[in-house]
Amino acid sequence: MGRTIVIICAILVLEGNLFAQNGSGLTRKERKEVRKEQQRIVDSTFYAKALAGLNSHDWVLEANSIQSKRGMTYQVNGVTNFVMVDKDRGTVQLASPVRAGYNGLGGITLDGNISSYKVIVDKKGNVSVEFYILGVGINATIFVSLYAGSNRAQVTVSSNSWGSRITYNGTIFLREESNVFKGFAL
C-alpha cells in the first residue's frame, strides 16, 4: 500500500511540474532533460529504500523474470515469485499458474535461517550481498546484485544440496511495502 502511494505522488509531482513548465516556453529538449532529472530523483529514492532494506535485513525482491541454470528465461508474477529476508529468516518462493505444487500456488516455498550476511557497496554504488539459507528443503547460497541508482536487482539462488541454480530478476522493496503472497512452506 505504501509503495502505491509513493508512486502515485511521484507521478502527480512529475505531471504537475511538466504542465507548469510547458506553459513557460521550454523547448522540447529542455522538457526531455527535466523529465530525465525527475526520473533520476524518483529512482534514487527507490535505491535509497532498497539499500536501507538490504542493510536492515528487511527486504523482498519481487521477480518479473526467472532464469534457469540453462539460460531459459520465464516471465513471472512478482506477487508469487520472490526472495524475502525477514531479519534472520529467509524465504525463496517459485509459483506457476499452470502447475500443481507443494505451496498451493503451483510451485514451492522454502524457508530457512540466514547466516553469514555480508553487504558490500562498490565505488559506483552497486551493492552486492551474500548469505546462506539453511532450512527444510533448502541449503543455498544467495547472491544479490542491486544496481546503482535504482531498485532493480538480481538474486541468484545456488543450491548446495541439489546442485542447481536459479536467478530472479526484479525490484527490491522494503518488506512492509511489498505485495507478495506467501504459500505454504515445506
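1. Observations concerning the overall build of the protein chain
- Summing up its helical and strand segments, the protein chain has two helices and nine strands in all.
- Counting from the amino terminus, the protein chain carries its helices and strands in the arrangement α-α-β-β-β-β-β-β-β-β-β.
- Within the span of the protein chain, comprising 186 residues, buried residues form 38% of the whole.
- Carbon together with sulfur atoms contributes 57% to the accessible area of the protein chain, which is approximately 10,600 Å² in total.

2. A few points about the side chain of Ser158
- Within the secondary structure layout, Ser158 lies in strand β8 (residues 152–159).
- When neighbours within four sequence positions are excluded, Ser158 is seen to be in contact with Asn139, Ala140, Thr141, Phe143, Ser164 and Arg165.

3. Here's the deal with the nonpolar core
- If you look at the biggest cluster of nonpolar residues, it comprises 29 residues, and the most contacted ones within it are Trp59, Phe131 and Tyr168.
- For this core, the secondary-structure elements that each account for two or more residues are α2 (28–55), β1 (58–68), β3 (82–86), β5 (108–121), β6 (127–135), β7 (138–146), β8 and β9 (165–174).

Rules of the game
- Residues numbered from 1 in each chain as written.
- Predicted model: local features only at pLDDT ≥ 70, side-chain atom pairs only at ≥ 80, totals over all residues.
- Heavy atoms only, no water.
- Helix = DSSP H or I, 4+ residues; strand = E, 2+ residues; numbered from the N terminus.
- Buried < 20%, exposed > 50% of the residue type's maximum accessible area, 1.4 Å probe, protein only.
- Areas by Shrake-Rupley, 256 points an atom, 1.4 Å probe, with all protein chains shown as cover.
- Contact = heavy atoms within 4.5 Å.
- Core = buried A, V, L, I, M, F, W, Y, C linked by side-chain atoms within 4.5 Å.

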